[in-house]
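Here are the chains, one letter per residue:
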Amino acid sequence: MKKYILLSSILFMTSCDIIEGPYITDSESYINPDKKILIEDFTGHKCANCPGAARELENINNIYGDQIIGLAIHTSGFAKPNHHSEPGYQYDFRTEWGDNWDDIYDISSNGLPQGMVNRIDYPDNHVLTVSEWAALVANELKK
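Owing to the predicted nature of the structure, the values given are computational and were not obtained by experimental measurement.

Procedures and definitions
- Residues numbered from 1 in each chain as written.
- Predicted model: local features only at pLDDT ≥ 70, side-chain atom pairs only at ≥ 80, totals over all residues.
- Heavy atoms only, no water.
- Phe/Tyr/Trp six-rings, centres within 6.5 Å; stacked < 30°, edge-to-face > 60°.
- Helix = DSSP H or I, 4+ residues; strand = E, 2+ residues; numbered from the N terminus.
- Buried < 20%, exposed > 50% of the residue type's maximum accessible area, 1.4 Å probe, protein only.
- Disulfide = S-S within 2.5 Å.
- Axes fitted to C-alpha atoms, helices over the stretch in contact; angles between N-to-C directions.
- Parallel < 35°, antiparallel > 145°, perpendicular 65-115°, else oblique.
- Left-handed = near helix turned anticlockwise from the far one by under 90°.
- Contact = heavy atoms within 4.5 Å.
- Nonpolar A, V, L, I, M, F, W, Y, C, P; charged D, E, K, R; others polar.
- Salt bridge = Lys/Arg side-chain N within 4 Å of Asp/Glu carboxyl O.
- Core = buried A, V, L, I, M, F, W, Y, C linked by side-chain atoms within 4.5 Å.

Q: Even after reading the chapter, I still don't get the packing of aromatic side chains, so can you show me in this structure?
A: The relation between two aromatic rings is expressed through the spacing of the ring centres and the mutual angle of the planes. This structure, assessed with the given rule, holds 3 aromatic pairs. Ring geometry for W97 and W101: centres 4.8 Å apart, planes at 70 degrees, overall edge-to-face. In this pair, W97 and W101 are both assigned in helix α3 (residues 96–105), 4 residues apart and thus about one turn of the helix distant. Overall, W97 belongs to the partly exposed group, its relative accessible area being 42%.

As structure tokens, this is what we get:
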């Protein structure tokens, strides 16, 4: 009988663990620390609105840090160098894979700057304006 009382006492004392915080109490502010987000900014060095997209990408990166992978893809006529009439645009930032991605995802035909966040909603609603990036990043980091 003493064995059962002793065994019961040991089980009773060790059966309940105290779980210490921090707890997630506000699911709206939760950010998954392991999640990475790819933002592809289709741009061109002659695009007048594209520096604003680069600033937005930098702002998002400043908020979320290493969780953001930003990629600028120079494509379309806005990225084409002009060796004769515009001396400031001599270098060709375009790449074969960047042009291929632009063909596949059909981004620059919608105007620049445009982009994708984790290629969400491809192939239907994947082309995003700069003003849509931050909200989509915040939603993705909650997953």
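Q: Whenever I open this one, the state of the cysteines confuses me. Can you help?
A: As used in these notes, a disulfide is a covalent bond between sulfur atoms, one from each of two cysteines. This model, assessed by the stated rule, comprises 1 disulfide. The disulfide partner of C47 is C50, and the gap between their sulfur atoms is 2.3 Å. Judged by the sign of its S-S torsion, about 80 degrees, the cystine formed by C47 and C50 is right-handed.

Q: Help me out: how do you make sense of the packing of helix α2 (residues 50–64) against helix α4 (residues 130–141) in this one?
A: Any two packed helices are characterised by how steeply their axes cross, that is the angle between the axes, and by the distance between the axes. Running from N to C, α2 and α4 cross one another at 20 degrees; their axes reach a closest spacing of 9 Å. When the axis of α2 is compared with that of α4, the two are roughly parallel. Every pair of crossing elements has a handedness; the one defined by α2 and α4 is right-handed. Residues G52, A53, E56, L57, I60 and Y64 of α2 form the contact with α4, whose participating residues are V130, W133, A134, V137, A138 and L141. Of the residues belonging to the contact of α2 with α4, the class tally is 10 nonpolar, 1 polar and 1 charged.

Q: Explain unusual backbone geometry here, please?
A: With the exception of glycine, the majority of residues adopt a negative phi angle, and the majority of peptide bonds are in the trans configuration. For the bond running from L112 to P113, omega is 0 degrees, close enough to zero to count as cis. For P113, the location among the structural elements is in the loop between α3 and β3 (114–117). Residue D106 is not a glycine yet carries a positive backbone phi of 50 degrees. Summarising the element assignment, D106 is placed in the loop between α3 and β3. Classification of D106 as partly exposed rests on a relative accessible area of 43%.

Q: Any chance you could explain the pattern of salt bridges here in plain terms?
A: Note that side chains of opposite charge can pair when their charged atoms are close. The tally for this structure, following the rule as stated, stands at 4 salt bridges. A salt bridge links K35 to E140; the shortest N-O distance between them is 3.7 Å. Here the residue K35 occupies a position in the loop between α1 (2–14) and β1 (37–43), and E140 occupies one in helix α4, the gap between them amounting to 105 residues. When the shortest N-O distance is used, the salt bridge between R94 and D92 registers 2.8 Å. R94 sits in the partly exposed class, given a relative accessible area of 28%. Given a relative accessible area of 32%, D92 falls into the partly exposed group. The network of salt bridges with common partners includes K35, E140 and K143.

Q: I keep staring at the nonpolar core and nothing clicks. Help me out?
A: Looking at soluble globular proteins, one finds that nonpolar side chains tend to be buried together. I37, I39, I60, I68, V117, W133 and V137 are the most contacted members of the largest nonpolar core, which totals 13 residues. Broken down by secondary-structure element, the contributors of at least two residues to this core are β1, α2 and α4. Residue contacts for W133: discarding those within four places in its chain leaves I39, D41, A53, E56, L57, I60, Q114, G115, V117 and L128. Listed in part, the 8 residues of the second largest apolar core include F42, Y105, I107 and M116.

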